[in-house]
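Observations on the model geometry
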Amino acid sequence: MKNRKKATPWLYSLPAFLLIGIVIVFPILYTAYISLTNMNLYHWNDFHLIGLENYKRALLKADSGFLSAIGTTLLWTAVNMGVQLFLAYFIALGLNAEGLKLKRVYKTLLMFPWAMPAYVSILLWKVCMFNSEFGLLNKVVTALGGTKLNYLSENVPAFLACTVLNLWMALPFMIMMIDGALQSIDASLYESAMMEGAGFWQKSIFITLPCIRPIIAPSAIMTAFTTFKQFDIIYLLTKQKGSLTGASIQTIITYAHENAFVSNNYGLSSAVSILIFGIIILFSVFTNRGLKEENS
Amino acid sequence: MRKRKIRQALSLISLNTVFLALCFITLVPVLYAFLLSVSDGSSAFAGGGGPRSFTLENYRRIITEEPFLLWLKNSVVLSLGTMVLAMGFATTASYAFSRYRFKGRMKILFLLVLLNAFPQILSMFAIFRLFKTFGLLDSNAGLMIVYAGSMCIFSIWNLKGYFDTIPMEIEEASKIDGASDFTMLVKIVLPLARPAIIVTGVMVLIFVWNEYLFATTFLLNGDKYTLAGGLYQLQANDYSRSWSLFTAAAVLVSIPILIIFFCIQKYMVSGLTAGGVKG
């Protein structure tokens, strides 16, 4: 009887663990194993262990492209998070302004991009906005008398295009988060600040920001991870199979994907995957500790 | 006093203008896509002015000339199947983690978060090889396993977080009445946890509905394609001809998701953050 009781939770969890074992644990272990071999197009079945060669190649040889991909990823995450938090803060403040009667309407409309299926949004932007022949952006540009621009053919414009699209897709969530956090602030804090004659910036720096920081920190960190791991936007806009646009932005995720599915460098791709896994775990431990300290 | 009122009114007007502009900018891509979908292809892409004549021709063509209904059926089967599989497994597991205290409980919960850090895209290659060995490529069952497994950790954490908030006393009372563990789970805990189960289930549903990468990599046969896979293909094919079709398909695919989203909108924020993990 007692043994049966002990086994019950495991029995309940067994199906889920089986699934997780197949889809998550096995791929990680297998990837770790392949990262130590020379598996590639020419050694699809007769690959053998080569030690840490792949890791050396990724980390020590500048021409492997991994180090610059890390740089691009960090820049991408920093730019997106910075702009996103900044814009979302002011938009949420605006939404909470006294006397704004249409607040609910604005909120619903601004939520729209969040509700759209992500791949549909990306493809719609690619086809309807950025396309150099038929896209709306170039229609506006030519209507204003400019010459057609090619948004996705070079790295810098393509990076900006990806950033704009990412902002469009990710801002709604951040706005709602900050909006929720703003409503939890005690109004009496502002009243006493008004009495002291504090202006907008002083209220922001000394009341609003410190109050909302602990509330939005978890979702901001979550968004930072999603941005860091962002694949769809860059892949669908610039490097779809058969329709490369010319830009060669490479974040670490697209780098790993390309080495596996385009250039068939499975060993290298696996090594990079394990490195990415390590980086993400390191970040999570780091941010978790930060969050805990802030709360205590 | 009056001066202040005028100033306040002026700032409200300018704030409203800013928000109207903001909403407009937000909706422009969607509105433009919609306009393209209801105008005939030749005038829409002719340049110069915008779309001119109103027509539902693109919608008729996407439904009758492309295998849209087949894709729709595949998507519905796949997403419902995945939802049942993932929710069935995750509910029992999260119940165990919420209600029983056993050795290694916290360690496993922590390990699950850690495992979740591995980006799903990077495991595609390993799963591809595994499925090739076991003949699971190009099958709905294979994709269901992948999708359910990918959403399992998220679902377990999310549901466990909610189960933890349901007081144990209710269950203890029914235990005295002689109910077994399983009947208790089905008859008492599940109805109480309905909001969490709905939100988690819908998240799984939306995830599968929107997934294109595994669908296009693992399904080699065109007539197994889901909406996401089909749409991706439509867009990747020869473009100027199929673009107006593509925008019509995009509108059709997005509508159910938009409806679901705005129905559960108020749970969205809390539903996503309660568990603290997201893909």
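This structure is a prediction, so every number in the text was calculated from the model and none was measured.

Thresholds, definitions, all that
- Residues numbered from 1 in each chain as written.
- Chains lettered and ligands numbered in written order.
- Predicted model: local features only at pLDDT ≥ 70, side-chain atom pairs only at ≥ 80, totals over all residues.
- Helix = DSSP H or I, 4+ residues; strand = E, 2+ residues; numbered from the N terminus.
- Buried ≥ 20, exposed ≤ 12 C-beta atoms within 10 Å, placed from the backbone.
- Contact = placed C-beta atoms within 7 Å.
- Rg over C-alpha atoms; globule rule 2.2 N^0.38 Å.
- Axes fitted to C-alpha atoms, helices over the stretch in contact; angles between N-to-C directions.
- Parallel < 35°, antiparallel > 145°, perpendicular 65-115°, else oblique.
- Left-handed = near helix turned anticlockwise from the far one by under 90°.
- Nonpolar A, V, L, I, M, F, W, Y, C, P; charged D, E, K, R; others polar.
- Core = buried A, V, L, I, M, F, W, Y, C linked by C-beta atoms within 7 Å.
- pLDDT = per-residue confidence, 0-100.
- Expected span 1.5 Å × (residues − 1).

Section: the overall build of chain B
Along its length, chain B carries 14 helices and zero strands. When its helices and strands are written in sequence order, chain B yields α-α-α-α-α-α-α-α-α-α-α-α-α-α. A total of 279 residues make up chain B; the buried ones form 42% of that total. Nonlocal contacts in chain B, meaning residues at least 24 apart in sequence, comprise 72% of its contacts between residues at least 6 apart.

A short note on the overall build of chain A
Scanning chain A for helices and strands turns up twelve helices and two strands. Counting from the amino terminus, chain A carries its helices and strands in the arrangement α-α-α-α-α-α-α-α-α-α-β-β-α-α. Expected size for 296 residues packed as a compact globule is a radius of gyration near 19 Å; at 24 Å, chain A overshoots this value by more than 25%. The C-alpha extent of chain A, read off along each of the three principal axes, is 75 × 75 × 35 Å. Across the 296 residues in chain A, those meeting the buried criterion constitute 38%. Residue pairs at least 24 apart in sequence account for 67% of intrachain contacts in chain A once pairs closer than 6 positions are excluded.

Notes on the packing of helix α3 (residues 66-95) of chain A against helix α7 (residues 155-183) of chain A
All names here are of chain A. Two numbers describe how α3 lies on α7: the axes approach to 8 Å, and their chain directions differ by 45°. Between α3 and α7, the angle falls in the class oblique. Here the hand of the crossing between α3 and α7 comes out right-handed. Here α3 contributes V79, N80, V83, Q84, L85, L87, A88, Y89, I91, A92 and L95 to the contact with α7, which in turn contributes T163, N166, L167, A170, L171, M174, I175, I178, D179 and L182. Considering only residue class, the contact of α3 with α7 consists of 16 nonpolar, four polar and one charged.

Thoughts on the interface of chain B and chain A
Chain B puts 64 residues into the contact, and the matching count from chain A is 66 residues. Going through the elements one at a time, α1 (2-37), α4 (68-99), α5 (105-116), α6 (124-134), α7 (140-163), α12 (227-236), α13 (239-263) and α14 (265-273) of chain B are the ones with two or more residues in the side of chain B that touches chain A. Take the side of chain B that touches chain A: its biggest share by element is 14 residues, from α1(B). Partitioning the side of chain B that touches chain A into residue classes produces 50 nonpolar, twelve polar and two charged.

As for the nonpolar core
Among the nonpolar cores identified, the biggest contains 146 residues, and A:I178, B:A86, B:A148, B:C152, B:I156, B:A249 and B:A250 are the most heavily contacted of them. Among the elements that take part in this core, α7(B) stands out by supplying 15 residues, more than any other. Residues contacting B:I156, with those up to four places away along its chain left out, are A:A16, B:A90, B:A93, B:S94, B:F97 and B:L112.

Quick look at the environment of A:Y12
When you line up the elements, A:Y12 lands in helix α1 (residues 2-34). A:Y12 gets classed as buried once you count the C-beta atoms within 10 Å, which come to 22. Between the alpha carbons of A:Y12 and A:I279 there is a distance of 33 Å; along the sequence they are 267 residues apart. Once residues within four sequence positions are removed from consideration, A:Y12 is found in contact with B:T92, B:A93, B:Y95 and B:A96.

Description of the packing of α7(A) against helix α9 (residues 200-228) of chain A
Residue and element names in this part refer to chain A. Packing of α7 against α9 brings their axes to within 9 Å, and their N-to-C directions diverge by 160°. Classed by the angle they form, the pair α7 and α9 counts as roughly antiparallel. In the packing of α7 onto α9, the handedness of the crossing is right-handed. Between α7 and α9, the contacting residues are A170, F173, M174, M177, I178, A181 and L182 on the first element and I212, I215, I216, S219 and T223 on the second. In terms of residue class, the contact of α7 with α9 is made up of ten nonpolar, two polar and no charged.

Digging into the environment of B:I121
Along the chain, B:I121 falls in the loop between α5 and α6. With 20 C-beta atoms packed within 10 Å, B:I121 lands in the buried category. Put simply, B:I121 and B:F261 are 140 residues apart on the chain and 25 Å apart in space, counted from C-alpha to C-alpha. Filtering out sequence-adjacent residues up to four positions away, B:I121 remains in contact with A:F231, A:I253, A:H257 and B:L213.

As for the confidence of the model for chain A
Taken residue by residue, chain A gives an average pLDDT of 89. The fraction at 70 or more is 98%. Of all helices and strands in chain A, the one with the weakest mean pLDDT is strand β2 (residues 243-244) of chain A (76), whereas α3(A) scores best (95).

Side note on the environment of A:P27
Following the sequence through the fold, A:P27 ends up in helix α1. Residues A:P27 and A:I185 lie 158 residues apart in sequence; the distance between their C-alpha atoms is 45 Å. Contacts of A:P27, omitting those with residues within four sequence positions, involve B:S123, B:A126 and B:I127.

Description of helix α10 (residues 194-209) of chain B
Given a rise of 1.5 Å per residue, 16 residues ought to cover 22 Å, and the 22 Å separating the end C-alpha atoms of α10(B) matches this to within 8%. Buried residues of α10(B): B:A196, B:I197, B:V199, B:T200, B:G201, B:M203, B:V204, B:L205, B:I206, B:V208 and B:W209, and no others.

Some details on unusual backbone geometry
You will see that A:N264, though not glycine, has its phi angle at about 55°, which is positive. Among the secondary structure elements, A:N264 is positioned in the loop between α11 (252-261) and α12 (266-295).

Details of the confidence of the model for chain B
In low-pLDDT regions, the fine details of the predicted coordinates are not to be read closely. Residue and element names in this part refer to chain B. Per-chain confidence: chain B averages 84 in pLDDT, with 89% of residues scoring 70 or above. Of all the helices and strands in chain B, helix α2 (residues 41-44) carries the lowest mean pLDDT, 53, while α4 carries the highest, 93. Scored below 50 in pLDDT, residues 46-50 makes one contact in the model with residues more than four places away or belonging to other chains. The low-confidence segment residues 274-279 (pLDDT under 50) makes 19 contacts with residues lying over four places distant or belonging to another chain. We note a pTM of 0.88 for the whole complex and an ipTM of 0.85 for its interfaces.

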